[in-house]
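Listed here are the chains, written in short residue letters.
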Amino acid sequence: MSEGTEVSRLGRGAPSHLDQRPRGEQGTVRLTTAQALVRFLGAQWSERDGQRQRLFAGVLGIFGHGNVAGVGQALLQEELAAGPDGADLPYVLARNEQAMVHTAVAYARQRDRLTTWACTASVGPGSTNMLTGAALATINRLPVLLLPSSTFATRAAGPLLQELEQPHGGDLTVNDAFRPLSRFYDEVRRPEQLPSILLSAMRVLTDPVETGAVTISLPQDVQAEAHDWPVELFAERVHHVARPPAEPARIAQAAEIIRSARRPMIVAGGGVHHAQAEDALAALCTATGIPVGETQSGKGSLLHGHPQLLGAVGSTGTTAANAVAAQADVVIGIGTRYQDFTTASRTAFAAEGVRFVNLNIAPFDAVKHSGLTVVGDAREGLTALSEALEGWSVDDDFRDEQARLWADWDAQVEVAHHPSPEATDALADGLLTQGAVLGLVNELSDPRDVLLCAAGSMPGDLHKSWRVRDRRGYHVEYGYSCMGYEVPAAIGIRWADPTRDVFAMVGDGGYLMMPTELVTAVQERTKVIVVLVQNHGFHSIGSLSQSLGSQRFGTAYRARNEATGRLDGDVLPVDLAANARSLGCHVIEVHDRAGLEAAIAEAKAAPADGGPVVIHVETDPLVHGPDSASWWDVPVGEVSELESTRGARAEYEQHKAAQRTHLAPADLLPTHDPNDQTHN
């Protein structure tokens, strides 16, 4: 990736004064623990396929008494020493600790997990605010370095401000909450511990199997403590990101099972993107005719228009992908962890005797659904599978069926993106539909632009209907589905590649969770385009509530009605456009289709260093996108006084009866005769 002016302005990629130190220099240098940490991080690189990049783009942070005189002082010292060329580890002031982790995670995903950010926070609430970000990073297998501050290791002045006291354990701190959320956790209680902790942390950050949130807890007194460090600790280090090949015997077994299939199907997960395996997947599918259903993080593994692309699979899937999934006799999972949305809560793959073949770099994911485990890098594994399947293909009838199913689905998407004048006229107050908004953004954005979303009803509609035209063009966080991810993540994506515009799609519920990072975008003159969809409540949960018999209770942004005592009064007089404007954004308010078209054009034409643009548009929350003909397991009350709940429970039990265990091992189930030419 070429470094743009925005990246250079923040200092990433700039030469460092530290890099001029002669190699082989011996002796020690006296630094505080925080100064040693900062100097070490600035000298770390990652490498894959011979391409090198800095492991850390910089440090995001908010200072308090727990880190301002430690990590803060160290960052200032490095910045002043670097001068106008910029520090190896530039500092960016964030506004919310959870949000800055989201920025770092989105950056790492956009850079294929080869570069990330470190995040520093103060003692107590500053650090625990990062817990949600840590969970999101680990669930999505994305690297981020968290540096929460902690109370005194010496306990000289305890109990301190913001210190957790537990009578059963004097060594416990609030930072221990990071342990179950992190792939690696340690605390630096003595300066001498720092080198081994840092080397272990770098290993996990650059391991494609183990990566996730890496947390190093830093007591505030240890941050400021001086030590004589070996100078070789600060030598430039290059961490190799491996592409382990799968065992040839496993590839051969996988090919044998696939050759026996009449209706195989690939489930493409995020591992396809992380391994840059899109071309290898396309080559395999073109040669064999095996259709592909995509997970949320795997969407874009095949680009729109590929004849084997059936779109999203599962609870938010297309009818095309779900129809093939229901009859698939072999399911080939590539880099997926089989989340419940992907499997429609284990109802999507319903054929008797269905078998799974799982190619995954992580053994933990490869064993799921009793699949044949093929452990290795997705790109290497797909290339090997293509060679093992040379000359084999599904029959022409199956290829034709895929084309028919996709054409039927694509027609439904067209209707959602371009509702008829009659349907539009019937909408409340002439509002746009959410589908029309998404369709216009899809059509008027450039193929290389990035679509971003995280929570609510839009991720489902986007999964089903967004037409991906570039491998990096779709970024929906649906491992943790964290409301508030959208704005800070958009900043991270833009920093990762300033040559692309980023469209952050966010509902009013998600926006209200975390709009504050718009100020960071203003501060750094970072252009992101936020499409703020106002529907006065939680659209997704309102729809789910109604389907589960709970009548949209507690999901609308309404005033309390004095007559009923319930939250069913007037719409709240909240002006989110004015809110965004007050934060320094350029705001465009939209009221119809023509206005939205003009707003997208204006946002696209805005200067690259002009800061954030917010497009505010109201939609009708009661108009839904095309149905996926699928299910998601959300338990309904077994007994209820409400007729609506009793009806929903009866429907729930019908779906529950179709749930599968997928316990039979793939290599023990009967196979079709590979010499049977009816499917070759």
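Criteria and cut-off values
Residues numbered from 1 in each chain as written. Predicted model: local features only at pLDDT ≥ 70, side-chain atom pairs only at ≥ 80, totals over all residues. Heavy atoms only, no water. Salt bridge = Lys/Arg side-chain N within 4 Å of Asp/Glu carboxyl O. Helix = DSSP H or I, 4+ residues; strand = E, 2+ residues; numbered from the N terminus. Buried < 20%, exposed > 50% of the residue type's maximum accessible area, 1.4 Å probe, protein only. Axes fitted to C-alpha atoms, helices over the stretch in contact; angles between N-to-C directions. Left-handed = near helix turned anticlockwise from the far one by under 90°. Contact = heavy atoms within 4.5 Å. Nonpolar A, V, L, I, M, F, W, Y, C, P; charged D, E, K, R; others polar. Core = buried A, V, L, I, M, F, W, Y, C linked by side-chain atoms within 4.5 Å. Pairing = 2+ DSSP bridges. Right-handed = clockwise from strand over helix to strand, strands pointing away.

Here we come to the pattern of salt bridges. It is possible for side chains bearing opposite charge to pair when their charged atoms get close. Under the criterion given, the structure shown has 35 salt bridges. Between arginine 179 and aspartate 176 there is a salt bridge whose closest N-O contact spans 2.6 Å. In this structure, arginine 467 engages glutamate 414 in a salt bridge whose closest nitrogen and oxygen atoms are separated by 2.8 Å. Here arginine 467 is found in the loop between helix H19 (458-465) and strand S19 (474-476), whereas its partner glutamate 414 is found in helix H16 (residues 396-417), with 53 residues between them in sequence. Here glutamate 414 falls in the partly exposed class, since its relative accessible area comes to 33%. One connected set of salt bridges, linked through shared partners, spans Asp446, Asp449, Arg494, Asp501, Lys527 and Lys604.

Let us now look at the packing of helix H2 (residues 33-41) against helix H7 (residues 194-205). As a packed pair, H2 and H7 sit with axes 11 Å apart at the nearest point and diverge in direction by 35°. Judged by the sense of rotation from one axis to the other, the crossing of H2 with H7 is right-handed. Contact residues: Thr33, Ala36, Leu37, Phe40 and Leu41 in H2; Leu194, Leu198, Leu199 and Met202 in H7. In terms of residue class, the contact of H2 with H7 is made up of eight nonpolar, one polar and no charged.

Turning to the nonpolar core, a few remarks are in order. Counting residues in each nonpolar core, the largest one holds 55 residues, and the members touching the most others are Ile266 and Leu281. For this core, the element with the highest residue contribution is helix H9 (residues 248-259), accounting for five residues.

As a further point, take the pairing of strand S9 (residues 213-219). Of all seven residues in S9, seven are buried; the element is thus mostly enclosed. Residues Ala213, Thr215, Ser217 and Pro219 of S9 are buried on one face, and the alternating residues Val214, Ile216 and Leu218, pointing to the opposite face, are buried as well. Note: strand S7 (residues 144-150) against S9, five bridges, orientation parallel. When the bridges of S9 are listed, serine 149 appears paired with leucine 218. Where strand S8 (residues 184-187) meets S9, four bridges bridge the pair, whose relative direction is parallel. Looking at the pairing, glutamate 187 lines up with serine 217 of S9. Following the chain from S8 across H7 to the adjacent parallel S9, one finds a crossover that is right-handed.

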